[in-house]
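Here is what each chain is made of, one letter per residue.
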Amino acid sequence: MNQEITSKIENLKNCLYQNSYERSELDKVSIKKKLFELLRECIKERQYNVEVGSFILDINPSNLSVKYETDETTVELSNDDVYYETTRELEVRYFALEDKEVYSIEEPTIEVTGLVTNIEGLVEESYQIELFTYNENDNIKNYINNIDSFGFKYTDIEIENQFSVIITRSIKVEQPRLDVIDLFKPGKVIPIKYNHHNNNYEKEPALRRNYLPNNYSLYLPSLSDKKDLVTYIYSSIIEFYTAYINNQ
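So, a few notes on the structure that sits alongside this text. (Residues numbered from 1 in each chain as written. Predicted model: local features only at pLDDT ≥ 70, side-chain atom pairs only at ≥ 80, totals over all residues. Heavy atoms only, no water.)

### Re the overall build of the chain
Consideration 1: From N to C terminus, the chain includes three helices and 15 strands.
Consideration 2: Here the C-alpha radius of gyration of the chain, 25 Å, is well above what a compact globule of 248 residues would show, namely 18 Å.
Consideration 3: In terms of overall dimensions, the chain has a C-alpha envelope of 75 × 40 × 35 Å along the principal axes.
Consideration 4: Per-residue burial over the chain gives 40% buried out of 248 residues.
Consideration 5: Taking all contacts inside the chain whose residues are at least 6 apart in sequence as the whole, residues at least 24 apart take part in 61%. (Helix = DSSP H or I, 4+ residues; strand = E, 2+ residues; numbered from the N terminus. Rg over C-alpha atoms; globule rule 2.2 N^0.38 Å. Buried < 20%, exposed > 50% of the residue type's maximum accessible area, 1.4 Å probe, protein only. Contact = heavy atoms within 4.5 Å.)

### Concerning helix α1 (residues 3-16)
One turn of the α-helix equals 3.6 residues, which is why residues spaced by three or four share an orientation.
Consideration 1: End to end, α1 covers 20 Å across 14 residues, agreeing with the expected 20 Å (1.5 Å per residue, within 8%).
Consideration 2: What α1 keeps buried is the set I5, K8, I9, L12, C15 and L16. Each buried residue of α1 lies within a common arc of 110° when the element is viewed along its axis, so the set occupies one face.
Consideration 3: A distance of 3.2 Å separates the backbone nitrogen of E4 from a side-chain oxygen at the start of α1, and that oxygen is part of N2. (Expected span 1.5 Å × (residues − 1). Arc of directions from axis to C-beta. Polar contact = N/O pair within 3.5 Å; in protein donor to acceptor, adjacent residues only side chain to side chain.)

### Notes on the environment of M1
Consideration 1: Relative to the helices and strands, M1 resides in the segment before α1.
Consideration 2: For the pair M1 and D156, spaced 155 residues apart in sequence, the C-alpha to C-alpha distance is 43 Å.
Consideration 3: Residues in contact with M1, not counting those within four places in the same chain, are T6, I9 and Q47.

### A word on the environment of I31
Consideration 1: Along the chain, I31 turns up in helix α2 (residues 28-45).
Consideration 2: The class for I31 is buried, based on a relative accessible area of 1%.
Consideration 3: Taking C-alpha positions, I31 is 9.5 Å from Y232, a pair spaced 201 residues apart along the chain.
Consideration 4: Those residues in contact with I31 that sit more than four places away from it in its chain are L12, C15, L16, L26, L229 and Y232.

### Quick word on the pattern of salt bridges
Consideration 1: Applying the stated criterion across every chain, the model contains 16 salt bridges.
Consideration 2: Here E91 ties to R177 by a salt bridge, and the two come within 3.2 Å at their closest N and O atoms. You can see E91 sitting in the loop between β7 (81-89) and β8 (93-96) and its partner R177 sitting in the loop between β13 (164-170) and β14 (190-195), a full 86 residues away along the chain.
Consideration 3: Note on E91: relative accessible area 26%, which makes it partly exposed.
Consideration 4: Salt-bridge contacts for R93 lead to D179; the nearest nitrogen and oxygen are separated by 3.7 Å. Highlighted residues: R93 in strand β8 and D179 in the loop between β13 and β14, separated in sequence by 86 residues.
Consideration 5: Among the ionic contacts, a cluster of salt bridges with common partners joins E91, R177, E204 and R209. (Salt bridge = Lys/Arg side-chain N within 4 Å of Asp/Glu carboxyl O.)

### Quick notes on the packing of aromatic side chains
Consideration 1: Per the counting criterion, the structure on display carries seven aromatic pairs.
Consideration 2: Residues Y94 and Y201 carry aromatic rings whose centres are separated by 5.4 Å and whose planes lie at 50° to one another, so their mutual orientation is tilted. Linking Y94 in strand β8 with Y201 in strand β15 (residues 200-203), this pair joins segments that are 107 residues apart in sequence.
Consideration 3: In this structure Y201 comes out as buried when scored by relative accessible area, which is 8%.
Consideration 4: Members of the aromatic cluster, joined through ring pairs, are F36, F240 and Y241.
Consideration 5: When the ring centre of Y232 is taken as origin, the NZ or CZ atom of K28, which lies over that ring, is 4.9 Å away. (Phe/Tyr/Trp six-rings, centres within 6.5 Å; stacked < 30°, edge-to-face > 60°. Lys NZ or Arg CZ within 6 Å of the ring centre and 35° of its normal.)

### A few points about the pairing of β13
Consideration 1: Most of β13 sits inside the fold, with six of its seven residues counted as buried.
Consideration 2: Looking at chain direction, strand β11 (residues 122-132) and β13 are connected through seven bridges and run antiparallel. Along β13, the bridge assignment pairs S126 with T168.
Consideration 3: For strand β12 (residues 153-155) and β13, the ladder comprises three bridges, and the chain directions are antiparallel. Paired with K153 across the strands is T168, a residue of β13. (Pairing = 2+ DSSP bridges.)

Structural data, given as structure tokens:
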């Protein structure tokens, strides 16, 4: 990539970011101006794929697309089709198999990791539940409740084993947050938290957690701002090509 294209990318990036953070308020006139300058240079150099921060532009007229992509969010517009996807991690939870105040790091525990995903409106909550134990005859399902009653199903059966399972269910943004302890049979597990300073586990002061807000809104962003910006950049590229063709 030549120096001139690199410079044009940086100019456009400065319209979208400030001090490495995405701008909350955007000057769309400046964005279009810097975008057009970049497009002219890219066509001149036959460079059809460029990255501007988290934005990936394929400016080849036969395969035009604009994608916004981070570890947690993807929004892509191509051929007037908008694809979007978000992934948000839930807090990691730990549970002990017996009731006491302090637990050594070697004692049997259960770890629960969770994700909330939204793939084009298909919204799901999934958990991986893993049993760490020295009892080779134990089974994680000895501790798990009837997940059907919460709308969950076991998934990824091919990678499931006696110590680890994955469960998934569909959710809605306004739905009350699940307290993970409800996934376990009553009295079977005790919520604990990891103490980094002492390198051990301690019993949590409360059996249940309170969530504010008590729904999934924190994990399901609307993406309207990202969709609008991706659409604006995409339509601006089309506008550029229309003017370019008319001036030939």
